[in-house]
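# Secondary and tertiary structure notes
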Amino acid sequence: MTVEKETQDQNLSRGLRSPRWAVTAMFILNGALYGTWAARIPSIQQSFELSPGDLGLLLLLMSGGAISAFPVAGGLSDRFGSAKVTLICAMVCCMSVALVGYSPVIVMLCIAVVLFGAGLGAMDVAMNAWAAEVERGYGRSIMSSFHAFFSVGASVGAGLGAIAAWEEIRYGHQFFIFALMLSPLIWFSALPQTLKSGALDNDRTTQKDKVSQQDKASHKETTGQEQETKKVKGPRLALPRGALLVVALVAFSCAVGEGAMADWSAVFLTSVILVGEGQAALGYTVFSITMVAMRFVGDRLIIRFGPVNILRFCGGAALIGSSITATSSSLLMTYLGLALMGVGYSIVFPLVFSRAANSKQLSPGVAIASVATFSYGGLLLGPPLIGFIAEISSLRFAFGLFVLLAFVVVIGSVAFRQSEEVDKTS
């Protein structure tokens, strides 16, 4: 009995833990490439002498490439497997970021940026679908840790980009070298797929005659579920509806706040709280640190309290934090408000993508793509929306929008009961 249990533990370790680290590596790579690109945007602007409006159009091209790639990535993930699509997209991202760095004219830069954005967007959909598959294999929440490592990768990429800029290293050389440094992660992530098709197949053949009747029944049930999933695949491009639409609105609300924080938190501190640039920059740092820290403990909280309760907690934290930030006149209280907003936005995206992957309306790839479209829409709309409201009223009044969006997160938590039921039955 002990030997049998030991064998099962070994199989679990080989079959599940390796894919988990493979997915983690892809989240790190995706975040690192995005972070290093973001850190060198000023260098690209200076190199091509882009006006603020021209730079805005360039960033819009990147986002447009990402959004257009969502439905394609979702359909390909359902057809060929999310792991394969993720690995291919990772290679495209590494090559395209190098192409961005060495584009000699603005036309080539635009093409490269669209390709880079499409690669990042497609990889975002595919790797979240892959993460959801691994999460289902574990039978418990692990999605938050993947998104935590994305944040770690983005921080490392941005930090190295800042160092390169400080040392006046050309961004083209930096992008190329950084892509080469990250490329072994693709090989590392491909290893579990090789094991599954090779050595693990031998193990299954050897133990084929030892399968119990219970395992056979479970296999039939799984096959039935797969057939049911195929029936609800639907089109590659589909708008969410019903409960999935509520999930998408929650993602949109969180994305508006998270995107606006990156661009407006420091401006708010300098123009409303009237502090120096150093203290203002620290505000977004506080927001980011609390977000990453919460993502690392998010899975344990979800397992213990359930997705619905955690989403209500996140919405409540964002509600309190945004209320403090929008009304405070003290620097320390504003820092507290930003920290609570970081807590509030931290676990929402992991819960959203996990819930979309378990949707009964659409296949995992298509569902994730539809929700990701709302997420990127929020990230795009957030900064200009805050600017527009601030233009006709005030920046403090504009930050009151985050209070309303937090209510959407709290109310929308009811749409996550399905994922809670899945966790309980696993």
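Since we're looking at a predicted model, the values are computed, not measured.

### A few points about the overall build of the protein
Of regular secondary structure, the protein possesses 19 helices and 0 strands. Looking at the protein alone, contacts between residues at least 24 apart form 83% of all its contacts between residues at least 6 apart.

### A closer look at the nonpolar core
Among the nonpolar cores identified, the biggest contains 115 residues, and Leu29, Val100, Tyr345, Phe402 and Phe416 are the most heavily contacted of them. A total of 17 residues in this core trace back to one element, the largest contributor, which is helix α5 (residues 106-138). Setting aside residues no more than four positions away along its own chain, Phe402 makes contact with Val256, Gly257, Ala260, Met261, Ser322, Met341, Tyr345 and Ile386.

### Focus: α5
Between its terminal C-alpha atoms α5 stretches 47 Å, which fits the 48 Å expected from 33 residues at 1.5 Å a residue. Where α5 terminates, the next one or two residues include Gly139, which has phi positive at roughly 75 degrees.

### Details of the packing of aromatic side chains
The description of an aromatic ring pair rests on the distance of the ring centres and on the angle between the ring planes. The full count for this structure, using the stated rule, is 12 aromatic pairs. Where Phe268 meets Phe399, the ring centres are 4.3 Å apart and the plane angle is 20 degrees; that geometry is what we call stacked. Of this pair, Phe268 sits in helix α11 (residues 243-271) while Phe399 is found in helix α17 (residues 395-399), placing the two residues 131 residues apart along the sequence. Ring-pair connections join several aromatic residues into one group, and the members of that group are Trp21, Phe149 and Phe296. Here the basic side chain of Arg20 rests over the ring of Tyr138, its NZ or CZ set 5.4 Å away from the ring centre.

### Thoughts on a nonpolar patch on the surface
A surface patch of nonpolar side chains, amounting to about 570 Å² of accessible area, comprises Leu99, Val105, Ile106, Val107, Met108, Ile111 and Leu115. For Val105, a relative accessible area of 44% puts it in the partly exposed group.

### Quick look at helix α14 (residues 331-346)
In a regular helix each residue adds 1.5 Å, so 16 residues correspond to 22 Å; α14 covers 22 Å between its end C-alpha atoms and thus fits that length. By the burial criterion, the buried members of α14 are Leu331, Thr334, Tyr335, Gly337, Leu338, Ala339, Met341, Gly342, Val343, Gly344, Tyr345 and Ser346. Lining the buried residues of α14 we find α11, α12 (277-305), α13 (307-327), α15 (348-357) and α18 (401-412). One side-chain oxygen at the N-terminal end of α14 lies 3.4 Å from the backbone nitrogen of Leu332; it belongs to Ser330.

### Section: the confidence of the model for the protein
The predicted model of the protein averages 82 in pLDDT, with 83% of residues at 70 or higher. The low-confidence segment residues 197-235 (pLDDT under 50) makes 18 contacts with residues lying over four places distant or belonging to another chain. Counting contacts from residues 420-426, a segment whose pLDDT is below 50, to residues more than four positions away or on other chains yields 9 contacts.

### Structural notes on the side chain of Ser354
On the secondary structure map, Ser354 appears in helix α15. Among the residues examined, Ser354 registers a relative accessible area of 9% and is labelled buried. Beyond its immediate chain neighbours, meaning those up to four positions away, Ser354 contacts Glu135 and Met143.

### Focus on the packing of helix α3 (residues 52-80) against α5
At a minimum axis separation of 6 Å, α3 and α5 run at an interaxial angle of 40 degrees. In terms of axis orientation, α3 runs oblique to α5. Crossing of α3 over α5 shows right-handed handedness. Residues Leu58, Leu61, Met62, Gly65, Ala66, Ala69, Phe70, Ala73, Gly74 and Ser77 of α3 form the contact with α5, whose participating residues are Leu109, Cys110, Val113, Val114, Phe116, Gly117, Ala118, Leu120, Gly121, Ala122, Val125 and Ala126. Tallied by class, the residues present in the contact of α3 with α5 amount to 17 nonpolar, 5 polar and no charged.

### Let's talk about unusual backbone geometry
Note: most peptide bonds trans; most residues except glycine with negative phi. Within the chain, Glu49 stands out as a residue other than glycine whose phi angle is a positive 55 degrees. Residues other than glycine seldom take positive phi values, yet Glu168 does so here, at roughly 60 degrees. Turning to its location among the elements, Glu168 is positioned in the loop between α6 (143-166) and α7 (171-182). Accessibility expressed as a relative area gives 72% for Glu168, which makes it exposed.

### Observations regarding the packing of α3 against helix α16 (residues 364-392)
Remark: α3 packs on α16, axes separated minimally by 7 Å, with the N-to-C direction vectors making an angle of 170 degrees. Here α16 runs roughly antiparallel to α3, going by the angle between their axes. Between α3 and α16 lies a crossing whose hand is right-handed. Listed contacts from α16 to Ser63, Ala66, Ile67, Phe70, Pro71, Gly74 and Asp78 of α3 are Pro364, Gly365, Val366, Ala369, Ala372, Thr373, Tyr376 and Leu380. Looking at the contact of α3 with α16, its residues break down into 10 nonpolar, 4 polar and 1 charged.

Cut-off values and rules
Residues numbered from 1 in each chain as written. Predicted model: local features only at pLDDT ≥ 70, side-chain atom pairs only at ≥ 80, totals over all residues. Heavy atoms only, no water. Helix = DSSP H or I, 4+ residues; strand = E, 2+ residues; numbered from the N terminus. Contact = heavy atoms within 4.5 Å. Core = buried A, V, L, I, M, F, W, Y, C linked by side-chain atoms within 4.5 Å. Buried < 20%, exposed > 50% of the residue type's maximum accessible area, 1.4 Å probe, protein only. Expected span 1.5 Å × (residues − 1). Phe/Tyr/Trp six-rings, centres within 6.5 Å; stacked < 30°, edge-to-face > 60°. Lys NZ or Arg CZ within 6 Å of the ring centre and 35° of its normal. Patch = residues over 30% accessible without salt bridge, like charges linked within 9 Å, V, L, I, M, F, W, Y side chains within 5 Å. Areas by Shrake-Rupley, 256 points an atom, 1.4 Å probe, with all protein chains shown as cover. Salt bridge = Lys/Arg side-chain N within 4 Å of Asp/Glu carboxyl O. Polar contact = N/O pair within 3.5 Å; in protein donor to acceptor, adjacent residues only side chain to side chain. pLDDT = per-residue confidence, 0-100. Axes fitted to C-alpha atoms, helices over the stretch in contact; angles between N-to-C directions. Parallel < 35°, antiparallel > 145°, perpendicular 65-115°, else oblique. Left-handed = near helix turned anticlockwise from the far one by under 90°. Nonpolar A, V, L, I, M, F, W, Y, C, P; charged D, E, K, R; others polar.

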